[in-house]
Amino acid sequence: MSVRRLAEKQTESFEFTPENKAWLEKQIAKYPDGRQASMVVPALWQAQKQHDNWLSQAAIEKVADALGMAKIRVLEIATFYSMFNLEPVGKYFIQLCGTTPCLLAGSDDLIAVLHRRVGPQRRVTDDGLFSWLEVECLGACCNAPMVQINDDYYEDLTAENFEKLLDNLAAGRPVKIGSQIGRVSSEPVGKLTSLTSLYGDGAK
Amino acid sequence: MTKILVDGVEVDVPGDFTLLQACEQAGAEIPRFCYHERLSIAGNCRMCLVEVKGGPPKPQASCAMSVKDLRPGPNGAPPEVLTKSPMVKKAREGVMEFLLINHPLDCPICDQGGECDLQDQALVFGVDSSRFHENKRAVEDKYIGVLVKTEMNRCIHCTRCVRFTAEVAGTGDMGAIGRGEDMEITTYLESAMTSELQGNVADLCPVGALLPKPQSFRGRPWEYQKTETIDVMDALGSAIRVDSRGREVMRILPRINDLVNEEWISDKTRQIVDGLKTQRLDRPYIRENGRLRPASWQEALAAVAAKTKATSASRIGALVGDLAGVEETFALKLLAEQLGTPNLDCRQEGAKLDPKFGRASYLFNATVAGIEQAGAALIIGANPRKEAPVLNARLRKRWLRGDFKISLVGERADLTYDYDYLGAGPESLLQFIRSAKPTEKLLIIVGQGALARDDGEAALTLAAQAAQRLGGLGDGWNGFSVLHTAAARVGALDLGFTPGAGGLDARAMAKAGALDLIFNLGADEIAIEPGAFVVYIGTHGDRGAHRADVILPGAAYTEKSGLYVNTEGRVQRAFRVVFPPGEAREDWAVLRALSGALGAPLPFDSLAALRRLLVESHPHFAELDEIALGDHAQVVALANHPAVAMKDSFAPAIQNFFFTNPIARASAVMAECSALAQGRLAQAAE
């Protein structure tokens, strides 16, 4: 994990959109008086979503004000969790899992693709479309290797289908979320063996 | 109560005790870094590991596990804690090794050396050599203010400073950013800390990461002579230890006194050290042709004697400042009595407090420790954060415990706790007294901001009425509490250093043409208008000295032994640490010499004789460190005292926390703190 500090280049100001403001007020009201600080992670998350997927200093201070917290308390949270990006990210922010199962299943190939197409970690491409970061286990080991792009998981990747996925994203074409080799969930790659039927959404 | 075996010793402790406390009770020593009695439990240094039977079968952090968490044995045998077993020894050595992985071995150049918890505990609980060959972690030093220097490589992340600023100081200045190996202790974007208690983080730091900046590289703790004495920067009378080397005061540290300051002191108390060395009056001066010239003691005393003999008693006055001890105030009173003048005053800012209403009318009757028993608080014309920061921490401590409503009349300020703002002046107070419901154990804090005005008596009366009507007076509880700002004030009021029959008060004395001769014992906060001949007995070339016609150099509080009475009426003894500079002498001796020059020596030749005399006429000064419950009847009588309040808002008593007395004004460190604070104010106003 890299050192997490505020970005050197900051945006001037941050203001919640009216919808987010209303959302924030509604959420804050759920907490007992004096316990609003418990809202800090959802509030930061909302601020990040609104702000091109990264948190600026102004956004952190805004959240501190809204929740009546000392600024350092919010900064502590924002620098602790890797889900908060402290510097600008691409429109498609790729978090690549490099932990053991994915590594064994070939995440190195994906890293090579990213290095070639996107460049080094934490750098946004000139067109603003991509940036990437290697992260720890995202909990989809059955479908390794995998990446998370913005909110969605893309699994069972190979250098080829990952490249195609990136092409499609760059061109704005629709992409398939989840397994890229037709798996429904984490069932065996070949045929169903011990549990012989799919259930839930997968069965349809 | 729960029985528990500690190394085979059975102790009976409350179930909510932590294992660490139980072990201490049993006499077993437990090493620790993050645990601190007055802060919340963090349990992150792991140094206090012990072995338990009746709990999880692994080393347990004894600070974070309570006695009731342990199960008794199968036959009801008490749970057992081992602090000296091989497992504990190995665990401690392991933790110490981990702590030292990233700790630099720079003890020879570290100011904490000699009083460092890590150094001491590494010696006792560590291993003798290092097995670690990798590079150590490097952390940039942070700017966190002018009082605390950082050396962040040394930080072991105990988070005591973070918890102190969040819990005790209430400003939430410090925090830990990042995580794991990248965790760093800092303030928000390296801004300066804002608390008046920030200096305490350097004391709390168990290693040399946070150090007092003004004392950097000055000396080693074993070189210092340590004197336990009493602080005079505010009226709280905090217990301090003054460290000196040769004739120089090196630093001031808090001592533990649970009844007054727990173990905190304010930044002013701690860091006026350099003020004791600068701007000092070290020889007598006489004003000639409008300019002060150095003179000998004989010359100066002769000049005063000549002027005194040429002046009629009714045209002579005597003022006592904020830092004077009881002895010299008493000596000045004796001198004034001898001269026959009724013009005495110790209330230079004009507070309408008077011994005639009884002692309970000017004391902090609830007592500082009593704040923790209070049920609600009403603050009138006071800003406790500036007037007595350590007392404010006590209020915050009570507030944090919950169910403690605080109301405030006066100027709005950030007091580090929430309060109901009632209004700015006496009218809001009157309305509150009429409409509010009585609460149990109401604490009424009356500040000098409400009292130091023409209708101060009315404010005092209103406060007494609030106490009477709203639950301030009860069984074993007297919540009527006057918060003083001057260390000398209560002692001087106890002595009755107020105008006699037909005498003028401080403000009247200072008026042009009111008097011909004024003896000024360190009163620097009052502007004496031209006309009178002023004899200034004091320590610093401050306002009083600038106005003086004769200066008789006296001793600062670290240079004399004396009694001080704090705002609750606690008589405490301060001790001499070093000698006064140059030709300066202790104030009582100056007054004794002055009386000799006048041809009528005062009846004492030593401080002991003066004290005997003092105790004969005022026996309560002999009762050191004791306070009696304030007399309810005096507060009730005060409530019935007729007085009419004006409409003006209560103004704050202290404009600048860092400049309240001549010593602080002479201190470059205080000036730096003040500039920072003013900068913050200006920024906030934008």
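What counts as what
Residues numbered from 1 in each chain as written. Chains lettered and ligands numbered in written order. Predicted model: local features only at pLDDT ≥ 70, side-chain atom pairs only at ≥ 80, totals over all residues. Heavy atoms only, no water. Helix = DSSP H or I, 4+ residues; strand = E, 2+ residues; numbered from the N terminus. Rg over C-alpha atoms; globule rule 2.2 N^0.38 Å. Buried < 20%, exposed > 50% of the residue type's maximum accessible area, 1.4 Å probe, protein only. Contact = heavy atoms within 4.5 Å. Areas by Shrake-Rupley, 256 points an atom, 1.4 Å probe, with all protein chains shown as cover. Lys, Arg positive; Asp, Glu negative; His and termini not counted. Charge placed at Lys NZ, Arg CZ, Asp CG, Glu CD. Salt bridge = Lys/Arg side-chain N within 4 Å of Asp/Glu carboxyl O. Pairing = 2+ DSSP bridges. Axes fitted to C-alpha atoms, helices over the stretch in contact; angles between N-to-C directions. pLDDT = per-residue confidence, 0-100. Left-handed = near helix turned anticlockwise from the far one by under 90°. Nonpolar A, V, L, I, M, F, W, Y, C, P; charged D, E, K, R; others polar. Patch = residues over 30% accessible without salt bridge, like charges linked within 9 Å, V, L, I, M, F, W, Y side chains within 5 Å. Parallel < 35°, antiparallel > 145°, perpendicular 65-115°, else oblique. Phe/Tyr/Trp six-rings, centres within 6.5 Å; stacked < 30°, edge-to-face > 60°. Core = buried A, V, L, I, M, F, W, Y, C linked by side-chain atoms within 4.5 Å. Polar contact = N/O pair within 3.5 Å; in protein donor to acceptor, adjacent residues only side chain to side chain.

## Describing the overall build of chain B
Next up, step 1: Looking only at helices and strands, one finds 21 helices and 28 strands in chain B.
Next up, step 2: Expected size for 686 residues packed as a compact globule is a radius of gyration near 26 Å; at 28 Å, chain B falls within 12% of this value.
Next up, step 3: Overall, the C-alpha framework of chain B stretches about 90 × 60 × 55 Å when taken along its three principal axes.
Next up, step 4: Looking at chain B residue by residue over its 686 residues, the buried ones come to 59%.
Next up, step 5: In chain B, 70% of the contacts between residues at least 6 apart in sequence involve partners at least 24 apart.
Next up, step 6: Just so you have it, chain B exposes about 26700 Å², and 51% of that area is on carbon and sulfur atoms.
Next up, step 7: On chain B, the mean spot of the 76 positive side-chain charges and the mean spot of the 86 negative ones are 1 Å from each other.

## Some remarks on the pattern of salt bridges
It is possible for side chains bearing opposite charge to pair when their charged atoms get close.
All names here are of chain B.
Next up, step 1: Throughout the structure, instances matching the rule amount to 55 salt bridges over all chains.
Next up, step 2: Two residues, E349 and R489, come together in a salt bridge whose shortest N-O distance is 2.9 Å. On the criterion of sequence distance, the pair formed by E349 in the loop between β16 (343-345) and β17 (376-380) and R489 in helix α14 (residues 489-494) is long-range, its members being 140 residues apart.
Next up, step 3: Here R489 falls in the buried class, since its relative accessible area comes to 2%.
Next up, step 4: R665 is the partner of E525 in a salt bridge, and the nearest nitrogen-oxygen pair spans 3.0 Å. Note that E525 is positioned in the loop between β24 (517-521) and β25 (533-538) and R665 in helix α20 (residues 662-666), a separation of 140 residues in sequence.
Next up, step 5: A residue is classified by how much of its surface remains accessible, and E525, at 26% relative accessible area, is partly exposed.

## What to know about the sheet that holds strand β15 (residues 316-320) of chain B
All names here are of chain B.
Next up, step 1: One open sheet holds the seven strands; their spatial order is β14-β13-β26-β25-β24-β15-β16, and the pairing between them is mixed. Of all the strands in the sheet, the pair left with one neighbour each is β14 (291-294) and β16. Geometrically, the sheet is characterised by an average inter-axis angle of 15° between neighbouring strands, direction not taken into account.
Next up, step 2: The sheet contact formed by β15 and β16 spans three bridges and is parallel. Among the inter-strand pairings, A318 is bridged to a residue of β16, identified as L344.

## Quick word on the confidence of the model for chain B
Next up, step 1: Predicted confidence across chain B gives a mean pLDDT of 94, with 100% of residues reaching 70 or more.
Next up, step 2: Among the scores for the predicted complex, ipTM is 0.90 and pTM is 0.94.

## Topic: the packing of helix α6 (residues 107-117) of chain A against helix α7 (residues 159-171) of chain A
For any two helices packed against each other, the geometry is given by the interaxial angle and the distance between the axes.
Residues and elements named next belong to chain A.
Next up, step 1: The contact between α6 and α7 brings their axes to 9 Å, and the two run at 40°. With respect to the hand of their crossing, α6 and α7 are arranged in right-handed fashion. Within the contact between the two elements, α6 uses D109, L110, V113, L114, R116 and R117 and α7 uses A159, F162, E163, L166, D167 and A170.
Next up, step 2: For the contact of α6 with α7, the class distribution of residues is seven nonpolar, no polar and five charged.

## Topic: a nonpolar patch on the surface
Next up, step 1: A grouping of F80, Y81 and M83 of chain A is seen on the molecular surface, where their side chains present a nonpolar patch of about 250 Å² in accessible area.
Next up, step 2: You can see Y81 of chain A is positioned in the loop between α4 (71-80) and β1 (92-97).

## Some words on a negative patch on the surface
Next up, step 1: A surface patch of negative charge is lined by D108, D109, E134, E136 and E160 of chain A.
Next up, step 2: Under the relative-accessibility criterion, E134 of chain A is labelled partly exposed at 36%.

## Examining the packing of helix α8 (residues 326-339) of chain B against helix α18 (residues 607-617) of chain B
Residue and element names in this part refer to chain B.
Next up, step 1: For the pair α8 and α18, the least separation of the axes is 10 Å and the interaxial angle reads 75°. In terms of orientation, α8 and α18 fall into the roughly perpendicular class. The segment α8 lies against α18, with V326, E327, F330, A331 and L334 engaging L607, L610, R611, L613, L614 and S617.
Next up, step 2: Of the residues that constitute the contact of α8 with α18, the class distribution is eight nonpolar, one polar and two charged.

## A closer look at the packing of aromatic side chains
All names here are of chain A.
Next up, step 1: All told, the structure shown has nine aromatic pairs over all chains when counted by the stated rule.
Next up, step 2: Measuring from ring centre to ring centre gives 5.0 Å for F80 and Y81, while their planes differ by 75°; the resulting arrangement is edge-to-face.
Next up, step 3: With relative accessibility at 33%, the residue F80 sits in the partly exposed group.
Next up, step 4: Their ring planes at 75° and their centres at 6.5 Å tell us that Y81 and F84 sit as a pair that is edge-to-face.
Next up, step 5: Judged by relative accessible area, which is 36%, Y81 ranks as partly exposed.

## Focus: the sheet that holds strand β11 (residues 239-245) of chain B
Residue and element names in this part refer to chain B.
Next up, step 1: Reading across the sheet, the three strands line up as β10-β11-β12 and stay open at both edges, with antiparallel pairing between neighbours. Where the open sheet ends on each side, the last strands, each with one partner, are β10 (225-230) and β12 (248-254). With direction set aside, neighbouring strand axes in the sheet form an average angle of 30°.
Next up, step 2: Of the pairings in the sheet, the one linking β10 to β11 comprises six bridges and is antiparallel in character. Counted as the bridge partner of T227 is V242 from β11.

## Focus on the pairing of strand β18 (residues 405-409) of chain B
Residue and element names in this part refer to chain B.
Next up, step 1: When you tally the buried positions in β18, you get four out of five residues, the bulk of the element.
Next up, step 2: Two elements, β17 and β18, share five bridges in a ladder whose sense is parallel. Each bridged residue has a counterpart across the sheet, and for A376 the counterpart in β18 is K405.

## Some remarks on the nonpolar core
Nonpolar side chains tend to gather and get buried jointly when the protein is soluble and globular.
Residues and elements named next belong to chain B.
Next up, step 1: Ranked by size, the top nonpolar core spans 112 residues in total, and within it L443 and Y557 carry the most contacts.
Next up, step 2: Of all the elements, helix α4 (residues 160-169) adds the most residues to this core, at five residues.
Next up, step 3: Beyond its immediate stretch of four places on either side in the chain, L443 contacts F364, A366, I371, A374, A376, A377, L378, L395, W477, G479 and S481.
Next up, step 4: A324, L332, Y362 and V535 belong to the second largest nonpolar core, which has 83 residues in total.

## Regarding the interface of chain A and chain B
Next up, step 1: Between chain A and chain B, the residue contacts involve 18 residues of the former and 16 residues of the latter.
Next up, step 2: At the junction of chain A with chain B, the criterion picks out one salt bridge.
Next up, step 3: The interface formed by chain A and chain B contains seven residue pairs in polar contact (both at pLDDT 80 or more).
Next up, step 4: Of all elements in the fold, only α3 (57-67) and α4 of chain A reach the threshold of two or more residues within the side of chain A that touches chain B.

## Focus on unusual backbone geometry
Next up, step 1: The omega torsion across A144 of chain A and P145 of chain A is -10°, close enough to zero to call that bond cis.
Next up, step 2: Among the secondary structure elements, P145 of chain A is positioned in the loop between β2 (130-135) and β3 (147-149).
Next up, step 3: The backbone of N53 of chain A sits at a positive phi, close to 65°, despite the residue not being glycine.
Next up, step 4: One can find N53 of chain A in the loop between α2 (40-50) and α3.
Next up, step 5: Positive phi outside glycine occurs at E262 of chain B, with the angle close to 50°.
Next up, step 6: Considering the arrangement of structural elements, one finds E262 of chain B in the loop between β12 and α6 (267-271).
Next up, step 7: Using a relative accessible area of 6% as the deciding quantity, one classes E262 of chain B as buried.

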